[in-house]
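Each chain, written out:
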Amino acid sequence: RSNIVVAIDGYSSCGKSTLAKALAKTLNFIYVDSGAMYRAVTLYFLRNHIDISNEIAVMDAMQAIELNFNARDYESHITLNGEEVSEEIRGMLVSDAVSEVSANKWVRQEMVRQQQRMGQSKNLVMDGRDIGTTVFPDAQVKFFMTADPKVRAERRYKELAAKANNQVTLEEVFENLAHRDYADTTRKESPLTRADDAIILDNTEMTPREQLDFAAGHVRPFL
Ligand code: C5P
């Protein structure tokens, strides 16, 4: 491929999107938050009471969903059929349902197709669970991020607690992460796993700046 693709995969709440955004900004690449896409689809399924076990209903729903990113910002603002849903998709309602929806074959097929189209010609950073393994196996640079689960839960909890009228507890956040890690790594359709050529980045004791320098150092040779 002539355009550069950086794939960032890893467990939930490892700081993938923080690093991906910073890296995209530094390199002037496009940033795509693939998790936001699965979250927006999940929101649609919840709102419209789509029965995930009904294949026809799922396929119809996927045809009725249009997702768009604001290409010019690095905050992964996403619209679902024209409506800005960036805030709503971060709530616990979506977080608790997203692993089940994203395990669905038809959902993944459509999301992967759209993601591959986004990576056809432009330099981009995409973060998710299967970017280096399924979406862009030929990405020039791949990272696999991990961090201590307690540290991850605390980081995410702080983020959620900073938002108005959020009642969620640290234990609930921890449980949600543990559940998603388990579901994401054990599902049948492209489970979360490290690509053989992915560079491991354990950021338990790293600052965002250190992570950015580390990652950018690996991309520079391709610029
Ligand atoms: O990255 P984030 O935590 O927002 O992703 C939410 C969920 O979406 C994950 O727990 C996972 O189930 C799903 N996901 C996925 N494949 C991706 C990105 C996210 O299955 N590439």
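Residues numbered from 1 in each chain as written. Predicted model: local features only at pLDDT ≥ 70, side-chain atom pairs only at ≥ 80, totals over all residues. Heavy atoms only, no water.

Caption draft 1: Broad picture of the pattern of salt bridges. According to the stated counting rule, one finds 13 salt bridges in the structure shown. Asp 184 serves as the salt-bridge partner of Arg 129, at 3.2 Å between the closest nitrogen and oxygen. With Arg 129 in the loop between strand E6 (124-128) and helix H6 (131-135) and Asp 184 in helix H8 (residues 170-186), the pair connects residues that are 55 residues apart, well separated along the chain. Each member of the pair, Arg 129 as well as Asp 184, carries the same accessibility label: buried. The network of salt bridges with common partners includes Arg 47, Glu 83 and Glu 88. (Salt bridge = Lys/Arg side-chain N within 4 Å of Asp/Glu carboxyl O. Helix = DSSP H or I, 4+ residues; strand = E, 2+ residues; numbered from the N terminus. Buried < 20%, exposed > 50% of the residue type's maximum accessible area, 1.4 Å probe, protein only.)

Caption draft 2: Fine view of the nonpolar core. Within the largest apolar cluster, 32 residues are counted, with the highest numbers of intra-cluster contacts made by Val 41, Phe 45, Leu 67 and Val 107. Secondary structure elements with two or more residues in this core: strand E1 (5-10), helix H2 (34-47), helix H3 (55-64), strand E4 (78-80), helix H4 (92-102), helix H5 (105-118), E6 and H6. Top contributing element to this core by residue count: H2, with eight residues. Among all residues touching Leu 67, those that are not within four sequence positions of it are Met 37, Ala 40, Val 41, Ile 78, Thr 79, Leu 80, Met 111 and Gln 114. Counting 22 residues, the second largest nonpolar core, distinct from the first, contains Ile 8, Leu 23, Tyr 31 and Ala 215. (Core = buried A, V, L, I, M, F, W, Y, C linked by side-chain atoms within 4.5 Å. Contact = heavy atoms within 4.5 Å.)

Caption draft 3: The UniProt feature "binding site: ATP" (unreviewed entry) in the protein, seen in detail. On the UniProt side, "binding site: ATP" (unreviewed entry) is annotated at positions that read Gly 10, Tyr 11, Ser 12, Ser 13, Cys 14, Gly 15, Lys 16, Ser 17 and Thr 18 here. Take Tyr 11: it is sitting in the loop between E1 and helix H1 (16-27). Among all residues touching Tyr 11, those that are not within four sequence positions of it are Lys 16, Arg 129, Phe 144, Met 145, Thr 146, Arg 152, Asp 181, Thr 185 and Leu 192. Along the chain, the position of Ser 17 falls in helix H1. Setting aside anything within four residues of it in sequence, one finds Ser 17 in contact with Tyr 31 and Asp 127. (UniProt positions renumbered as here; feature names shortened; annotations may be inferred.)

Caption draft 4: Main features of the sheet that holds strand E5 (residues 83-84). With respect to topology, three strands assemble into an open sheet ordered E3-E4-E5, the strand pairing being antiparallel. The open sheet has two free edges, formed respectively by strand E3 (67-69) and E5, since each of these has just one partner strand. As paired strands, E4 and E5 are joined by two bridges and run antiparallel to one another. If you follow Thr 79 over to E5, its bridge partner there is Glu 84. With respect to the sheet, H2 is in contact with E3, E4 and E5, its orientation differing from that of E4 by roughly 25°. (Pairing = 2+ DSSP bridges. Axes fitted to C-alpha atoms, helices over the stretch in contact; angles between N-to-C directions.)

Caption draft 5: Layout of the site of the ligand. Around the ligand sit 17 residues, and of these Arg 39, Arg 108, Arg 180, Asp 184 and Arg 187 come closest. At 2.8 Å, a side-chain N or O of Arg 187 approaches an oxygen atom of the ligand. Contact with the protein chains hides 96% of the accessible area of the ligand, taken as 450 Å² for the molecule alone. Within the residue set of the shell around the ligand, elements represented by two or more residues are H2, H4 and H8. Element by element, the count of residues in the shell around the ligand is highest for H2, at four residues. (Near = heavy atom within 4 Å. Polar contact = N/O pair within 3.5 Å; in protein donor to acceptor, adjacent residues only side chain to side chain. Areas by Shrake-Rupley, 256 points an atom, 1.4 Å probe, with all protein chains shown as cover.)

Caption draft 6: Quick look at the sheet that holds strand E8 (residues 199-202). The five strands lie next to each other as E2-E6-E1-E7-E8, forming an open sheet whose pairing is parallel. Taken across any chain shown, the strands that pair with only one partner, and hence form the sheet edges, are strand E2 (30-33) and E8. Neighbour-to-neighbour, the strand axes of this sheet turn through a mean angle of 20°, independent of strand direction.

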